[in-house]
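Structural description and commentary
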Amino acid sequence: MKKVYLKNNVVAEPLYDSWYAWPHLVSPATAAMNIMDRHLQIIDSYIMSPFIHMSASKNPKMLGGPFMDFEQDELQNVMALKEKTLKQHSNKIELAKAIRVLNLMLAKTDGHSLDDFYERIPEVLKGFVELTYDLNNQASFRFFEPLLYESEFYDKSAQSLALYLIFNDERPFMLSTPRLPNNDVLFVDMPFNEKAIDDLFEARRTPKSYNYLKKAFNIKTATEEEKFKSFFTEEEPPFDGNYRGNGIRMRYFGHACILLEFNGISILSDPVISYGYDAEISRYSYKDLPDKIDYIIITHNHQDHILFETLLQIRNKTSTVIVPKNNSSLQDPSLKLMFKAIGFGNVV
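Just so it is clear, the model here is predicted, and its values are computed rather than measured. (Residues numbered from 1 in each chain as written. Predicted model: local features only at pLDDT ≥ 70, side-chain atom pairs only at ≥ 80, totals over all residues. Heavy atoms only, no water.)

The next point concerns the pairing of strand 13 (residues 293-297). Of the pairings in the sheet, the one linking strand 12 (residues 265-269) to strand 13 comprises 3 bridges and is parallel in character. By the bridge assignment, Ile267 is partnered in strand 13 with Tyr295. Where strand 13 meets strand 14 (residues 318-322), 4 bridges bridge the pair, whose relative direction is parallel. Counted as the bridge partner of Ile297 is Ile322 from strand 14. (Pairing = 2+ DSSP bridges. Helix = DSSP H or I, 4+ residues; strand = E, 2+ residues; numbered from the N terminus.)

Structure (structure tokens):
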């Protein structure tokens, strides 16, 4: 049975309901708020005027704005995405509306006991929140987040991967543009905690059975297999990751990502790793990571410090993830629960 290696330039974008997945699309409460207050608003804006989005996405001053970046008119696909969103996520939209109501209700408190307010909590939120006062004597609330992850509001069926090959550094801003059908991309419906993801990325170093991977990723049609086959090679890719020297070796992978190695121990901070392909600017990539990462350290919950696209690809070689404590509020969801939910075993 043929064994294959995964090429170093295979991109794996994690998606939530066709949108690029970042931390606030994993935490159930923030995912609900993003669906209602961001995704649907961007969708409606695009439906109203696709041309404005096409023009804005070509203007460097608008980079990072709430504009879909498509080269051609995608009106029909965007309308279909809206219909799917309203149907699949109706419960999360209700959750988001309830959170908004609760915020407005607590703004009218006068500093006395909050006990009477529990009866007035919107029904969909009852049992999921605790009412509190903050340090400025403003009424607020915290989530019982473990319960949210066990509820209908944590929807693994909305999670998927977009797999494709990359050959240069040209990559558009991703957080405002959903991933729509594309002939160059293989879309795989798969929860982020699926073991098959680890098996796929282990194949960067250890050859795997192609037939096993094909089955694990539910490749059925000839078109899907043509794309899937292009991700693999029978030739062992280059590797330069294991350090056996004396003293500390420190490698800078970009942004806040630093790899520290000493005496067989490896520590990686805020992983954002480049793909391997010929480029004008030299950089470290996945081939420069060691076979084992003892500790990943996450400094804080910003999307440029928690990149699931990288994290899912190195989960198979990671022993422990260290995250800061959180207070389970809407603005500060639990990173420990988030990492556990997407398949990391030891999170402290």
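With antiparallel pairing, the 4 strands of this open sheet are ordered in space as 3-2-6-7. Edge positions in the sheet fall to strand 3 (19-20) and strand 7 (186-189), since each of these pairs with one other strand and no more. Bridge analysis of strand 6 (residues 159-165) against strand 7 gives 4 bridges, and the strand direction is antiparallel. The residue of strand 7 that forms the bridge with Leu163 is Leu186.

Residues Ile248, Met250, Tyr252, Ile258, Leu260 and Phe262 make up a contiguous nonpolar surface patch of roughly 620 Å² in combined accessible area. For the nonpolar patch, the elements supplying multiple residues, two or more each, are strand 10 (249-254) and strand 11 (257-262). The element that contributes the greatest number of residues to the nonpolar patch is strand 11, accounting for 3 residues. Of note, Phe262 is situated in strand 11. A relative accessible area of 46% places Phe262 in the partly exposed class. (Patch = residues over 30% accessible without salt bridge, like charges linked within 9 Å, V, L, I, M, F, W, Y side chains within 5 Å. Areas by Shrake-Rupley, 256 points an atom, 1.4 Å probe, with all protein chains shown as cover. Salt bridge = Lys/Arg side-chain N within 4 Å of Asp/Glu carboxyl O. Buried < 20%, exposed > 50% of the residue type's maximum accessible area, 1.4 Å probe, protein only.)

Tracing the sequence through the fold places Glu13 in strand 2 (residues 10-16). On the accessibility criterion, Glu13 (2% relative accessible area) is buried. Separated by 2.8 Å, the side chains of Glu13 and Tyr164 make a polar contact. Excluding its chain neighbours within four sequence positions, the residues that come into contact with Glu13 are Tyr20, Ser160, Leu161, Ala162, Tyr164, Arg171, Arg179 and Glu309. (Polar contact = N/O pair within 3.5 Å; in protein donor to acceptor, adjacent residues only side chain to side chain. Contact = heavy atoms within 4.5 Å.)

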